[in-house]
Amino acid sequence: MGVVEKRLQVYLKNKTHIGRGFSIQDTLAIKLKSGDIPIPDNHTFFLDTLKMESNNFCQTELRKMIVLNEPESKFESFLNKMIIKYIPKIYLEDFKQSINQIENFMLPVSPKIIFISNQFSQLDYYRIWASLKIKSGSKLVIGQHGGTYGTAKYHSIEKFEREVCDYFFTWGWKEDVKTIPISKLWSEKKLKIKKFDNKKKILFIDNEAAPYLTTFRSVETSSQDKKMIDRSLKLVERIDNYEENVVIRLYPKSNFWHHDKIWKKKSPKIKIIKDKNMLKKSLNNYKLFISCTNTTIFLETLYHNVPTILFLDEKISEIRDDAQKLFKLLIKNKILHYNIDSAVKHINKVINNVEEWWFNEKVQQSRELFCETFANEDINKVNNFIKLRDNI
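Note that this is a predicted model, so its numbers are computed, not measured.

Chemist: Help me out: how do you make sense of the overall build of the protein in this one?
Modeler: Tallying secondary structure elements over the protein gives 17 helices and 11 strands in all. When each of the 392 residues of the protein is scored for burial, the buried share is 46%. For the protein, long-range pairs separated by at least 24 residues make up 72% of all intrachain contacts whose partners lie at least 6 apart in sequence.

Chemist: Got a minute to help me understand the sheet that holds strand E4 (residues 167-170) in this structure?
Modeler: By way of backbone hydrogen bonds, the strands of a sheet pair with one another, either parallel or antiparallel. The strand order E1-E2-E3-E4-E5 describes an open sheet built from five strands, whose pairing is parallel. Two strands in the sheet have a free side with no partner beyond their single neighbour: strand E1 (16-18) and strand E5 (179-181). Strand-to-strand, the axes of this sheet are offset by a mean angle of 20 degrees, without reference to chain direction. Of the pairings in the sheet, the one linking E1 to strand E2 (residues 113-116) comprises three bridges and is parallel in character.

Chemist: Mind showing me how you'd approach a nonpolar patch on the surface here?
Modeler: There is a patch of nonpolar side chains on the surface, built from Leu 68, Phe 75, Phe 78, Leu 79 and Ile 83 and spanning about 460 Å² of accessible area. Take Leu 68: it is sitting in the loop between helix H4 (60-64) and helix H5 (74-86). Accessibility expressed as a relative area gives 32% for Leu 68, which makes it partly exposed.

Chemist: Looking at this model, I keep getting lost on helix H7 (residues 124-135). Mind explaining?
Modeler: Helical periodicity: at 3.6 residues per turn, an α-helix aligns residues three or four positions apart in one direction. Taking 1.5 Å per residue as the helical rise, H7 with its 12 residues ought to reach 16 Å, and the 16 Å between its terminal C-alpha atoms agrees with that figure. All of the buried residues in H7 are Tyr 125, Tyr 126, Ile 128, Trp 129, Ala 130 and Lys 133. Looking one or two places after H7, you find Gly 137, whose phi comes out positive at around 120 degrees.

Chemist: Teacher, can you tell me more about the nonpolar core here?
Modeler: Residues Phe 204, Leu 235, Val 246, Ile 290, Trp 357 and Phe 370 are the most contacted members of the largest nonpolar core, which totals 78 residues. Top element by residues in this core is H7. It accounts for five residues. Not counting residues within four places of it along the chain, the set of residues in contact with Phe 204 comprises Ser 232, Leu 235, Val 236, Val 246, Val 247, Ile 248, Arg 249, Trp 263, Ile 290 and Cys 292. Core analysis: the second largest hydrophobic core is formed by nine residues, Ile 205, Ile 273, Leu 279 and Leu 283 among them.

Chemist: Help me understand the packing of helix H2 (residues 24-34) against helix H17 (residues 381-390) in this model?
Modeler: A pair of packed helices is characterised by two quantities: the angle between their axes and the separation of those axes. At their nearest, the axes of H2 and H17 sit 10 Å apart, and the two run at 50 degrees to each other. With respect to their mutual orientation, H2 and H17 come out oblique. Crossing angle aside, the handedness with which H2 passes H17 is right-handed. Across the interface between the two elements, Asp 26, Ala 29, Ile 30, Lys 33 and Ser 34 of H2 pack against Lys 381, Val 382, Asn 383, Phe 385, Ile 386 and Arg 389 of H17. Its residues assigned to classes, the contact of H2 with H17 shows five nonpolar, two polar and four charged.

Chemist: What's the story with the pattern of salt bridges in this structure? I'm lost.
Modeler: Per the stated rule, a full pass over the model turns up 17 salt bridges. Between Lys 159 and Glu 163 there is a salt bridge, with the nearest N and O atoms lying 2.8 Å from each other. Here the residue Lys 159 and the residue Glu 163 both occupy positions in helix H8 (residues 156-164), the gap between them amounting to four residues, near one helical turn. For the pair Lys 159 and Glu 163, a shared accessibility class is recorded, and that class is exposed. Here Glu 220 ties to Arg 231 by a salt bridge, and the two come within 2.4 Å at their closest N and O atoms. On the criterion of sequence distance, the pair formed by Glu 220 in the loop between strand E6 (201-205) and helix H9 (225-236) and Arg 231 in helix H9 is long-range, its members being 11 residues apart. The exposure class assigned to Glu 220 is buried, which follows from its relative accessible area of 7%. It is possible to trace a salt-bridge network through shared partners that takes in Glu 158, Arg 162, Glu 175, Asp 176 and Arg 320.

Chemist: Explain the sheet that holds strand E8 (residues 271-273) here, please?
Modeler: One open sheet accounts for six strands, arranged E8-E7-E6-E9-E10-E11; its pairing is parallel. Each edge of the open sheet is held by one strand with a lone partner, namely E8 and strand E11 (336-337). Here strand E7 (residues 246-249) pairs with E8 via three bridges, running parallel. The residue bridging Ile 248 from the neighbouring strand is Ile 272, located in E8.

Chemist: Where do I start with the pairing of E2 in this structure?
Modeler: Remark: a regular strand shows side chains that alternate across the two faces of the sheet. Residues Ile 113 and Phe 115 line one face of E2 and the alternating positions Ile 114 and Ile 116 line the opposite face, and both faces are buried. Across four bridges, the pairing between E2 and strand E3 (residues 139-143) is parallel. Bridge pairing in E3 links Ile 113 to Lys 139.

Chemist: Looking at this structure, I do not really get the side chain of Ser 183. What am I missing?
Modeler: Secondary-structure assignment places Ser 183 in the loop between E5 and E6. Given the relative accessible area of 0%, Ser 183 is considered buried. One polar contact links the side chain of Ser 183 to the main-chain amide nitrogen of Asp 378, over a distance of 3.1 Å. Look past the residues within four positions of Ser 183 in its chain and what remains in contact with it is Thr 170, Trp 171, Asn 376, Glu 377, Asp 378 and Lys 381.

Calculation notes
- Residues numbered from 1 in each chain as written.
- Predicted model: local features only at pLDDT ≥ 70, side-chain atom pairs only at ≥ 80, totals over all residues.
- Heavy atoms only, no water.
- Helix = DSSP H or I, 4+ residues; strand = E, 2+ residues; numbered from the N terminus.
- Buried < 20%, exposed > 50% of the residue type's maximum accessible area, 1.4 Å probe, protein only.
- Contact = heavy atoms within 4.5 Å.
- Pairing = 2+ DSSP bridges.
- Axes fitted to C-alpha atoms, helices over the stretch in contact; angles between N-to-C directions.
- Patch = residues over 30% accessible without salt bridge, like charges linked within 9 Å, V, L, I, M, F, W, Y side chains within 5 Å.
- Areas by Shrake-Rupley, 256 points an atom, 1.4 Å probe, with all protein chains shown as cover.
- Salt bridge = Lys/Arg side-chain N within 4 Å of Asp/Glu carboxyl O.
- Expected span 1.5 Å × (residues − 1).
- Core = buried A, V, L, I, M, F, W, Y, C linked by side-chain atoms within 4.5 Å.
- Parallel < 35°, antiparallel > 145°, perpendicular 65-115°, else oblique.
- Left-handed = near helix turned anticlockwise from the far one by under 90°.
- Nonpolar A, V, L, I, M, F, W, Y, C, P; charged D, E, K, R; others polar.
- Polar contact = N/O pair within 3.5 Å; in protein donor to acceptor, adjacent residues only side chain to side chain.

Structural measurements only, silent on function.
Here you go:
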C-alpha cells in the first residue's frame, strides 16, 4: 500500500467529520488537536466528482404504494398527491443504487461526530450518508448558518434542523438544552475602522427575495419582493440629495426580480454596483450602511461596528419573543426602524455627523449587547468545540 493509500485509510478512520461551517484554518486546528489527519472534510469535493447514472424511470405502481396520513383539507389532499408524484427518485426508485454508491464515498467510515453548517440541504447523497452514520451511532451537530436564526418568529429550516440534530451550535443565543452558544463561525477579524470621514457616501444594501416559496421564514419571500423593493425605493428617495449621497449595492447572487432595472428606472443618476466580493472589503469605504432585511449582512456590519440602520416591515419580519428585548434596544437607539418617517428623519439628522450618533455610549452598549447574543466572537471557539465534542 502506497503512502497516499495509507493516509487515506487513516483519514477514513477520523472520528470528527467537519463538513462545512468552520473555516479551513479552524477545521485543521480541530483535526490536529483531535489526533485526526488534518485534511478539510470538504464533502462537496468528494460528491461533485461522483456522477451517478440512473436508468430507472418513475414507477407509478411503486409510488401508489406510498401511504400518507389521511388528509384533513383540500390543501392536504393536493399536497399528498404532489408528494407522491414528485418525491425525488434518489429516495425511491434509485435508493438502493444510491446506497451502493455512498459506500464508496471518501468520507470517514464511523465518525463519532458529524458537524455540518451550510450547504448540506441541497446535497442528497451527503444527507443519506449522514443518516446512515447516525443510524450506526454517530452524533449530528449542526451549526447556525444565517442571520435570522434565533430571531425570526417563524423559521422552518431552523425548526427542522434543531429537531433532527443532537446539538445545535449558535452564534451566541440559547433557547433549550440542544442549543449551545459557541461563536459566530465566519472567520473574519474585526475591522479596524479608519479615520471617520463624513464626506463618504451611504451604502444601501439591496436584497432580493427568493423567487419561489421554499421555506417559511419571517422574511420577504417570492412575490413579497415587490413590497421590499417598493419600501427600499421610498426610503432612499427621501434621503437628502440621495442621488449624490447614496450608492446601491445589488444582491450579488442573482437578479431574478431585475432590481437593477427598477433602481435605474426610478433613479437614473444613482450609482449602482454589483460587488461579488465579501462585504467586509467595502466597509471602510462608506459612512453609513442601510439594510431592509434581517439577514447575515446586518449582523456583519454590527459586528464590525460600522454605522448601521435597519428598516424592516414589522408585519413580515416578525421577531420571536426571546429576542424582543434586544431588538427593542436597537429601536430605542435608532438602529432599527419599522416606520419610514422615523428612519428618514434619523438618517437625514445624522447624515453629516454619523460618528457622533454611532459612537454614543448608549448606542454602542446596545450594539455590544446585541452582538453578544447574535454575533458573538469567541477566540477560543476551536478549544471550546473540542471540549463540547468530547462531552457529547
